[in-house]
Amino acid sequence: VNKVVVTGSGIICPLGADKASTFAAALEARSGIGACPADIAAWLPCIVVAQACVDPQTRLERSDQGLDRATQFALVAAAQAIAEAGFACPPTDSRRVGVFVGIGFGGSQTSDSLYTRFYKTLSDPSLKHKDPTVMHPLTVPRIMANAAAAAITMRYGLHGPSNTYSVACASSAIAIGEAYRAIRHGYLDAAVVVGTEAMLNAGAMLGWNALRVMAKPDASDPSRSCRPFSSDRCGFVIGEGAAALVIESASRSTQRGAQVLAELAGYGCSSDAQHLTAPSIDGQAHAMQLALQEAGLAPEQIQYINAHGTATGAGDVIETQSIHKAFGSAARQVAVSSTKSMHGHLIGGAGALELVLSIEALNCGSLPPTAHLDNPDPCCDLDYIPLRARHGCHVEAVMSNSFAFGGSNVSLVARRFNAP
Amino acid sequence: VAEGAPNWCAEAVNSTARKISVSDRIPGVTQVTSMLFDQIKNYLVETAGVDRQKFENPELKVADLKLDSLGLIEMLFEVEDKYGFQIPDPMIFLPMTFSEMVAAIDTMVQEHAGSQALKD
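Residues numbered from 1 in each chain as written. Chains lettered and ligands numbered in written order. Predicted model: local features only at pLDDT ≥ 70, side-chain atom pairs only at ≥ 80, totals over all residues. Heavy atoms only, no water.

A. Summary view of empty space enclosed by the protein. Residue and element names in this part refer to chain A. Enumeration according to the criterion identifies one cavity of 30 Å³ or more in this entry. Size it by volume and the largest cavity reaches roughly 50 Å³. Every residue along the wall of the largest cavity is listed here: Asp68, Ala70, Thr71, Ile103, Gly106, Gly107, Arg142, Met144, Ala145, Ala147 and Ala148. Mapped onto the lining of the largest cavity, the elements with two or more residues apiece are α3 (69–85) and α6 (147–156). When the residues that make up the lining of the largest cavity are grouped by side-chain class, the tally is six nonpolar, three polar and two charged. (1 Å grid on protein atoms, 1.4 Å probe; cavity = no way out; pocket = protein on both sides within 12 Å on 5 of 7 lines; lining within 4 Å. Points joined across faces, edges and corners; volume = space filled by probe spheres on them. Helix = DSSP H or I, 4+ residues; strand = E, 2+ residues; numbered from the N terminus. Nonpolar A, V, L, I, M, F, W, Y, C, P; charged D, E, K, R; others polar.)

B. Region of interest: the nonpolar core. Residue and element names in this part refer to chain A. Within the largest apolar cluster, 71 residues are counted, with the highest numbers of intra-cluster contacts made by Phe100, Met205, Trp208, Ile238, Leu245 and Ile247. Residue contributions to this core peak at nine residues, all from helix α13 (residues 350–364). Every residue in contact with Ile238, bar those within four places of it in the chain, is listed here: Val49, Ala50, Met199, Leu200, Met205, Trp208, Met214, His345 and Ile347. Counting residues in each nonpolar core, the second largest holds 33 residues, with Phe87, Ala148, Val192 and Ala198 among its members. (Core = buried A, V, L, I, M, F, W, Y, C linked by side-chain atoms within 4.5 Å. Buried < 20%, exposed > 50% of the residue type's maximum accessible area, 1.4 Å probe, protein only. Contact = heavy atoms within 4.5 Å.)

C. Broad picture of the layout of surface pockets. Roughly 1,200 Å³ of internal volume is contained in the largest pocket. Residue lining of the largest pocket: 38 residues in total, with Gly66, Leu67, Leu138 and Arg142 of chain A together with Glu74 of chain B positioned closest to the centre. Elements supplying a minimum of two residues to the lining of the largest pocket: α3, α4 (108–123), α5 (139–143) and α6 of chain A together with α3 (69–83) of chain B. Classifying every residue of the lining of the largest pocket gives 15 nonpolar, 12 polar and 11 charged. Lining the second largest pocket are 34 residues, and of these Val213, Phe236, Thr310, Thr312 and Phe405 of chain A sit closest to its centre.

D. Up close: the confidence of the model for chain B. Residue and element names in this part refer to chain B. Averaged over chain B, the pLDDT score is 80; the fraction of residues at 70 or greater is 72%. For chain B, the element scoring lowest by mean pLDDT is helix α1 (residues 7–21), at 42; α3 scores highest, at 94. Confidence drops under a pLDDT of 50 for residues 1–28, and excluding neighbours within four residues, the segment shows 34 contacts in the predicted structure. (pLDDT = per-residue confidence, 0-100.)

E. Broad picture of the packing of helix α1 (residues 19–27) of chain A against α13 of chain A. Residue and element names in this part refer to chain A. One way to put it is that α1 packs onto α13 with a least axis distance of 11 Å and a crossing angle of 80°. Judged by the inter-axis angle, α1 sits roughly perpendicular to α13. Two secondary-structure elements touch here, α1 through Lys19, Thr22 and Phe23 and α13 through Leu353, Val356, Leu357, Glu360, Ala361 and Cys364. Here the residues of the contact of α1 with α13 sort into six nonpolar, one polar and two charged. (Axes fitted to C-alpha atoms, helices over the stretch in contact; angles between N-to-C directions. Parallel < 35°, antiparallel > 145°, perpendicular 65-115°, else oblique.)

F. The environment of Phe77 of chain B, seen in detail. Positionally, Phe77 of chain B belongs in helix α3. Phe77 of chain B sits 35 residues away from His112 of chain B along the chain, and the two C-alpha atoms are 15 Å apart. Those residues in contact with Phe77 of chain B that sit more than four places away from it in its chain are Arg117, Val134, Met135, His136 and Pro137 of chain A.

G. Local environment of α13 of chain A. All names here are of chain A. For α13, built from 15 residues, the straight-helix expectation of 21 Å at 1.5 Å per residue is met to within 8% by its first-to-last C-alpha distance of 21 Å. Most of α13 sits out of view: 13 of its 15 residues are buried. Positioned one or two residues after α13, Gly365 has a phi angle of 70°, which is positive. (Expected span 1.5 Å × (residues − 1).)

H. Focus on the interface of chain B and chain A. In this assembly, 16 residues from chain B lie in contact with 12 residues from chain A. Across the interface of chain B and chain A, roughly 1,200 Å² is buried in total on both sides, 54% from carbon and sulfur atoms. Ranking the residues of chain B by area buried against chain A places Glu74, Phe77 and Gly84 of chain B at the top, with a combined share of 35%. Our count for the contact surface shared by chain B and chain A stands at one salt bridge. Looking at the side of chain B that touches chain A element by element, the count peaks at eight residues for α3 of chain B. Among the residues making up the side of chain B that touches chain A, the classes are represented as five nonpolar, five polar and six charged. (Buried area = accessible area lost by both parts, 1.4 Å probe. Salt bridge = Lys/Arg side-chain N within 4 Å of Asp/Glu carboxyl O.)

I. Quick look at the pattern of salt bridges. All names here are of chain A. Scanning all chains against the criterion turns up 24 salt bridges over all chains. In this structure, Glu354 and Lys340 form a salt bridge, with 3.1 Å as the shortest nitrogen-oxygen distance. On the criterion of sequence distance, the pair formed by Glu354 in helix α13 and Lys340 in helix α12 (residues 340–343) is long-range, its members being 14 residues apart. If you follow the salt bridges from partner to partner, you end up with Asp93, Glu248, Arg252 and Arg256 in one network.

J. Representation of the packing of aromatic side chains in the model. All names here are of chain A. In the structure shown here, the tally under the stated rule is eight aromatic pairs over all chains. Summarising the aromatic geometry, the rings of Trp208 and Phe236 are spaced 5.6 Å apart at their centres and angled 75° between planes, so their arrangement reads as edge-to-face. One end of the pair, Trp208, is in helix α8 (residues 202–211); the other, Phe236, is in the loop between α8 and β7 (241–249), and 28 residues separate them in sequence. With respect to class, Trp208 is no different from Phe236; both count as buried. By way of ring pairs, the aromatic residues Phe105, Trp208, Phe236 and Phe405 are connected into one cluster. (Phe/Tyr/Trp six-rings, centres within 6.5 Å; stacked < 30°, edge-to-face > 60°.)

As structure tokens, this is what we get:
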């Protein structure tokens, strides 16, 4: 099997419009969570969201402005990752380079606009001379879940497979894992992997509101509304944005003299087969064990876990217990944090964003905290790096967890790369 | 006019060719036609990347715009969105000059406005 390495990454999210500013904000425990846009607040006054810190359109050409917002985020993050990897495009081995994307709600913004336009035209007397069925001809190719993957292949001339994974909150963790496997087992030599999501629109948020999993705004400071592992946690905050990675075989990266950010060393994946939304200790622990096993690491060799940590009542306790089950006595030593306390839950983008942050932590020895953790829940008894980042840590290997509605569990392990 | 194109289309082209052949700047051309000409031209120049110079040529062909089938219907959406109706067959415009197309669309806009007035 081939060793697989990460040679570039990029981020556009509520904490920053690039990787450096996002990681710096996370180390400062700054929150990107706040009030939601007026058109949503009109119907849902009691929710908070994590909007991307910049409109992706401002980072793209005019010809990209009609694309769905999730595709726009994906293009911005992919451009950063490809630039950092020093990846000349189209590459001469373009048939051996794939594109793997994870997204939860494909084309959510475009779908919402379609319905809004139809009903507005139908109900607004000043528009009665217009046929409500007239829609933009590219509505379907903008909504399709693989719109981002298609856009990236075309922009960079990548001719390998372009696969899109929609596995709720685990979408981009699975995209990374499957791309890693394809390279590891020789089907491909490199891949651009992106996790993206843009569902801060009225329709999607009405759905989330009905599920009763979203945090209530903190009365004194809305930016503190998402409090993972805290005794007063009250749910998650939906965020938007994208993160991207360029991964390739170690031999390809060595051949072209590329800098390596980390080795992708393990991918574990399991299904609970139990409940639509309730998490399971066995399923989560199994994913973590598989990832450790594939990486050939003992639990005590992992120094940092970026937890799924959504700040739901059940989720944080189950994940804590899962880490105990998978790590045994090493669970007491490992530092764990949920950066969702700051950037919110990017759903399809979450796995990629959190792995990129974990690899930053691996390389600089600074671990991002779990923000707003003033009152730890006694049932959550691990070291969650509360409130403040921890600097000067020696980190050899990191884990990033993503557990999805539908019972899909993914755990990824990255480690320092030692050139042969 | 394309073979198999509906009769009204041929009529539209013939009746409006007179208006259009003298370009959109000359009196006698309907205001809507002139607006349509500019609206579509501006879209093509600013969003689809068509060279502005091309529109100086009164014989400019729709085919010379080098739009693919998606590009063609995206261009028509500029009109559909503004006037609130769907243009039934985008392919009829392919053999026309740009001015003939604008004239044909103008006729459709008028017909749509007429049918709406009848409803009122």
